[in-house]
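The primary structure of each chain is shown beneath.
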Amino acid sequence: MDSQKLSHQAGQAHGQAQEKLSHHTGQAQQSLSHQAGQAQQSLSHHAGQAQGQAQEKGSNLMDMASNAAHTAKETALEAGHQVKASAQGAAEAVKNATGLNQNQK
């Protein structure tokens, strides 16, 4: 009977050990799953922030490029007006010098 009793106790101890192992394994899995979820949320958050910052920088660069293009256009127009005025003045001077200016009658 002693061997049967020892065998029974050994079986019970084995069963209890399996239950504890199963319980701790389940807790570990839950903990890892929770940590993985938190890491995924953190990565998603940081990715969203990076995307927003990139969009803002892109928008700022587009604004700067637009402003530079507008300034270049205005500068070119002003230079064109100055060249036109200079050319008209030179043409009048040549007409006056050669006597072709009809307004001098």
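One structure accompanies this document, and this report is about it. Only a predicted model underlies this, so the values are computations on that prediction, with no experimental measurement involved.

Right, let's talk about the overall build of the chain for a bit. Secondary structure summary: the chain contains 1 helix and 0 strands in total. The C-alpha radius of gyration of the chain comes to 44 Å, more than 25% above the 13 Å expected for a compact globule of 105 residues. By its C-alpha atoms, the chain is 150 × 15 × 10 Å across when sized along the principal axes. Here the chain, with 105 residues, has 1% of them falling under the buried criterion. Of the accessible surface of the chain, which amounts to about 9300 Å², a share of 56% is contributed by carbon and sulfur atoms. On the chain, the mean spot of the 7 positive side-chain charges and the mean spot of the 7 negative ones are 10 Å from each other.

When the terminal C-alpha atoms of helix H1 (residues 2-98) are compared, their 141 Å separation across 97 residues agrees well with the 144 Å that a helix rising 1.5 Å per residue should span. Note on H1: the residue one or two positions beyond its end, Gly-99, has a positive phi of about 80 degrees.

Topologically, Gln-18 is positioned in helix H1. Looking at Gln-18, the relative accessible area reads 46%, which means it is partly exposed. Expressed as a C-alpha distance, the spacing of Gln-18 and Ala-90, which sit 72 residues apart in the sequence, is 106 Å.

Parameters and conventions
- Residues numbered from 1 in each chain as written.
- Predicted model: local features only at pLDDT ≥ 70, side-chain atom pairs only at ≥ 80, totals over all residues.
- Heavy atoms only, no water.
- Helix = DSSP H or I, 4+ residues; strand = E, 2+ residues; numbered from the N terminus.
- Rg over C-alpha atoms; globule rule 2.2 N^0.38 Å.
- Buried < 20%, exposed > 50% of the residue type's maximum accessible area, 1.4 Å probe, protein only.
- Areas by Shrake-Rupley, 256 points an atom, 1.4 Å probe, with all protein chains shown as cover.
- Lys, Arg positive; Asp, Glu negative; His and termini not counted.
- Charge placed at Lys NZ, Arg CZ, Asp CG, Glu CD.
- Expected span 1.5 Å × (residues − 1).

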